[in-house]
Structure formats: C-alpha cells, structure tokens
Amino acid sequence: MRFLALLRKELRESLPWLLLAGLLLLGVGLLTVHSEARFARMRYQHWSAHQGLGPGEVVNTYDLVRSPHLAWVAMWLAFIAPGLGLVLGICHFWVPLFARTWSFLLHRSTSRMSILGAKLAAAILGLLVSLGLVWTGLYWYACRPGLLPIPEPVQILVVGWIYIVIGLVAYLGTALSALSTARWYTTRIFGLVFAALAAFLILVQWHLGWVFALAVLAIAILFVQTVAAFLSREF
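Rules used throughout
Residues numbered from 1 in each chain as written. Predicted model: local features only at pLDDT ≥ 70, side-chain atom pairs only at ≥ 80, totals over all residues. Heavy atoms only, no water. 1 Å grid on protein atoms, 1.4 Å probe; cavity = no way out; pocket = protein on both sides within 12 Å on 5 of 7 lines; lining within 4 Å. Points joined across faces, edges and corners; volume = space filled by probe spheres on them. Helix = DSSP H or I, 4+ residues; strand = E, 2+ residues; numbered from the N terminus. Nonpolar A, V, L, I, M, F, W, Y, C, P; charged D, E, K, R; others polar. Salt bridge = Lys/Arg side-chain N within 4 Å of Asp/Glu carboxyl O. Buried < 20%, exposed > 50% of the residue type's maximum accessible area, 1.4 Å probe, protein only. Patch = residues over 30% accessible without salt bridge, like charges linked within 9 Å, V, L, I, M, F, W, Y side chains within 5 Å. Areas by Shrake-Rupley, 256 points an atom, 1.4 Å probe, with all protein chains shown as cover. Expected span 1.5 Å × (residues − 1). Contact = heavy atoms within 4.5 Å. Axes fitted to C-alpha atoms, helices over the stretch in contact; angles between N-to-C directions. Parallel < 35°, antiparallel > 145°, perpendicular 65-115°, else oblique. Left-handed = near helix turned anticlockwise from the far one by under 90°. Phe/Tyr/Trp six-rings, centres within 6.5 Å; stacked < 30°, edge-to-face > 60°. Core = buried A, V, L, I, M, F, W, Y, C linked by side-chain atoms within 4.5 Å.

Trainee: Could you clarify how one ought to interpret the layout of surface pockets in this entry?
Mentor: Over the atoms, a rolled probe matching the size of one water molecule traces out where space is still vacant. Approximately 370 Å³ is the volume attributed to the largest pocket. In this structure, the largest pocket is lined by 13 residues; those nearest its centre are Val 159, Ile 162, Gln 205, Trp 206 and Val 211. The element that contributes the greatest number of residues to the lining of the largest pocket is helix H5 (residues 154–179), accounting for five residues. For the lining of the largest pocket, the residue count by class is 10 nonpolar, three polar and no charged.

Below you can see the structure in the form of structure tokens.
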C-alpha cells in the first residue's frame, strides 16, 4: 500500500511533463498523417494519370519506393523520448537533491527499495503510456484502409519503440549521475556519458538482435549501478 501511495505521488508530480510529451507527439503525428494523406493522394493521382495505367494493370514495385509516412514523426520521437527521460530523471532525483527533501522522504516508514522502485515504476509507466501508447495508436491510425496509399511498414513501429527504450536509458543515466557522490570532473558524469554512448551504439546498429542486446545490457548496467548508489548513499 505504501508503494502504491509513493507511485501515485511520483506519477502526479510527473504528470505535467508526461502530458506535454504525449500531446506534442500526438499533435505532430496527427498533423503529419493527415498532411501526408492529402499530398499522397494528389501525388499518386497525378503519377497514375501520366503513366496511362488502366484498371487492373500491375504497377512496378520500384515505382512505389518511398520513405514511411511516419518517418518525420519518428524523428520527433527520437528527441522527445530521451528528453522526457532526462526531465523525469531530474524531477525524481535532482530536484529532491537541490530542495534537500531526501531526508524527509527516506525517514518515512518504508524501505529505500520501495522508494526507488516507485520512482522507476513511475518513469517506466510514464514512458509506456505517454509515448508508447500514443506512438502505437498513431501507427494503427496511419495503417487504416483508405487513409494512405501504402500501409506503413512494421519497421517504423519498431524504430519508434527503440527511441522510447533510449528514453529509459537516458532516465537511468540521469538518476545515476544525481545519486553519485563524486565530483563532476571525476566520475559523477559517468551515468550521463554512458547513457549517451549506449544510445549512440543502439542507433547505429542495423540488426534488431544487436539493438535488443545492447539495450538490455545498457539498462541492466545502469539499473544495477543506480540501485547500489541509492541504497548505499548517505543523504
């Protein structure tokens, strides 16, 4: 019960940023999909008229090659997801540090692991709901029959979720840097640098298996380091 109360507290404090990120992604996504649908209909009508195709004739596949319509939205998500992870990490770990409220929070009748677990759960739920559900909903909406000339490939959906996972990596890196007691010019910046390096390595991979492996490895390393730092630190 105490964990649920802490989770509600973290979600309530994170709600403005979650709403901002979700509404921004939703607005950009709907605007892009409808703009692409309008221009695509005009473009393909003009193209088919000049090709002189009759009903039932086969179109050369190479003539239809194009970038996914949601590629521009995915580009926005590539900035929104790490940005949201960074902001949530600041709200959950840096703000209590600057406001000197860690002592009040830790002296409540609950364990440190429950407090940390509530923060991590709030961040994961926030990323899943505000970005994951919105991105999946946009993909489903863009694939509706009759909206776009060619359905969106499933690869663009996977790419968006990779960006959301990178948002979690950014969150854990921010949390680890906040919990470190070292100086900035020594190892305190390790969390942020490691998160940035992990995000770069994930993005340059072409094989989905390597993307998954690197993401799991980065999250595991940052998670273990964050838990160890939080349980051992004297606030």
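Trainee: How should I be thinking about the pattern of salt bridges in this particular structure?
Mentor: Opposite charge on two side chains permits them to pair, given that their charged atoms come into close proximity. Under the definition given, this model contains three salt bridges. A salt bridge links Glu 13 to Lys 9; its shortest N-O distance comes to 3.3 Å. Remark: Lys 9 and Glu 13 occur in helix H1 (residues 2–51); sequence separation between them is four residues, near one turn of the helix. Taking the relative accessible area as the measure of exposure, Glu 13 reaches 43% and is therefore partly exposed.

Trainee: Help me understand a nonpolar patch on the surface, please; the structure alone is not making it clear to me.
Mentor: Together, Leu 86, Ile 90, Val 95, Trp 184, Ile 189, Leu 192 and Val 193 make up a nonpolar patch on the protein surface, roughly 550 Å² of accessible area in all. By secondary structure assignment, the location of Val 95 is in helix H2 (residues 71–99).

Trainee: In this structure, what is going on with helix H7 (residues 208–232)? I would like to understand it.
Mentor: Residues lying three or four places apart along an α-helix face the same way, a consequence of the helix completing one turn every 3.6 residues. Its 25 residues place the ends of H7 36 Å apart at the C-alpha level, agreeing with the 36 Å of an ideal helix rising 1.5 Å per residue. If you check which residues of H7 are buried, you get Val 211, Ala 215, Ala 218, Leu 222, Thr 226, Val 227, Ala 229 and Phe 230. Tucked inside the fold, the buried residues of H7 contact helix H3 (102–106), helix H4 (112–142), H5 and helix H6 (190–203).

Trainee: Help me out: how do you make sense of the packing of H4 against H7 in this one?
Mentor: Relative orientation and spacing of two packed helices are given, respectively, by the angle between their axes and the distance between those axes. As a packed pair, H4 and H7 sit with axes 10 Å apart at the nearest point and diverge in direction by 140°. On the basis of their axis angle, the class for H4 and H7 is oblique. Judged by the sense of rotation from one axis to the other, the crossing of H4 with H7 is right-handed. Only Phe 223, Thr 226, Val 227, Phe 230, Leu 231 and Ser 232 of H7 make contact with H4, whose side of the interface consists of Arg 112, Met 113, Ile 115, Leu 116 and Leu 120. Of the residues that constitute the contact of H4 with H7, the class distribution is eight nonpolar, two polar and one charged.

Trainee: How should I be thinking about the packing of aromatic side chains in this particular structure?
Mentor: Geometrically, a pair of aromatic rings is defined through the distance of the ring centres and the angle of the planes. As enumerated under the stated definition, the model contains five aromatic pairs in all. Ring centres 6.2 Å apart and planes at 40° place the aromatic pair Phe 93 and Trp 102 in the tilted group. Here Phe 93 matches Trp 102 in class, with each residue buried. With a centroid separation of 5.5 Å and 65° between ring planes, the pair formed by Trp 102 and Phe 230 is classed as edge-to-face. Here Phe 230 lies in helix H7 and Trp 102 lies in helix H3, a separation of 128 residues in the sequence. Overall, Trp 102 belongs to the buried group, its relative accessible area being 3%.

Trainee: Please clarify how the nonpolar core should be interpreted in this entry.
Mentor: A general trend in soluble globular proteins is that nonpolar side chains are found buried together. Ranked by internal contacts, the top residues of the largest apolar core, which has 59 residues, are Leu 25, Leu 70, Leu 77, Phe 93, Leu 131, Trp 135 and Tyr 171. Counting residues per element, the ones that place at least two in this core are H1, H2, H3, H4, H5, H6 and H7. Residues in contact with Leu 70, not counting those within four places in the same chain, are Val 33, Trp 135, Leu 138, Tyr 139, Ala 142, Glu 152 and Ile 156.

Trainee: What should I look at first to understand the side chain of Thr 174 in this one?
Mentor: Assignment of secondary structure puts Thr 174 in helix H5. Setting aside residues up to four positions removed in sequence, Thr 174 forms contacts with Leu 86, Gly 89, Ile 90, Trp 94 and Leu 192.

Trainee: Is there a simple way to explain the packing of H6 against H7 in this structure?
Mentor: The N-to-C vectors of H6 and H7 enclose an angle of 170°; their axes lie 9 Å apart at closest approach. As the angle between them shows, H6 and H7 are arranged roughly antiparallel. On H7, the residues that touch Gly 191, Phe 194, Ala 195, Ala 198, Leu 201 and Ile 202 of H6 are Val 211, Leu 214, Ala 215, Ala 218, Ile 221 and Leu 222. Class assignment of the residues belonging to the contact of H6 with H7 gives a composition of 11 nonpolar, one polar and no charged.

Trainee: Please clarify how the environment of Arg 12 should be interpreted in this entry.
Mentor: Structurally, Arg 12 can be placed in helix H1. Sequence separation between Arg 12 and Ala 122 is 110 residues, and the spatial gap between their C-alpha atoms is 9.3 Å.

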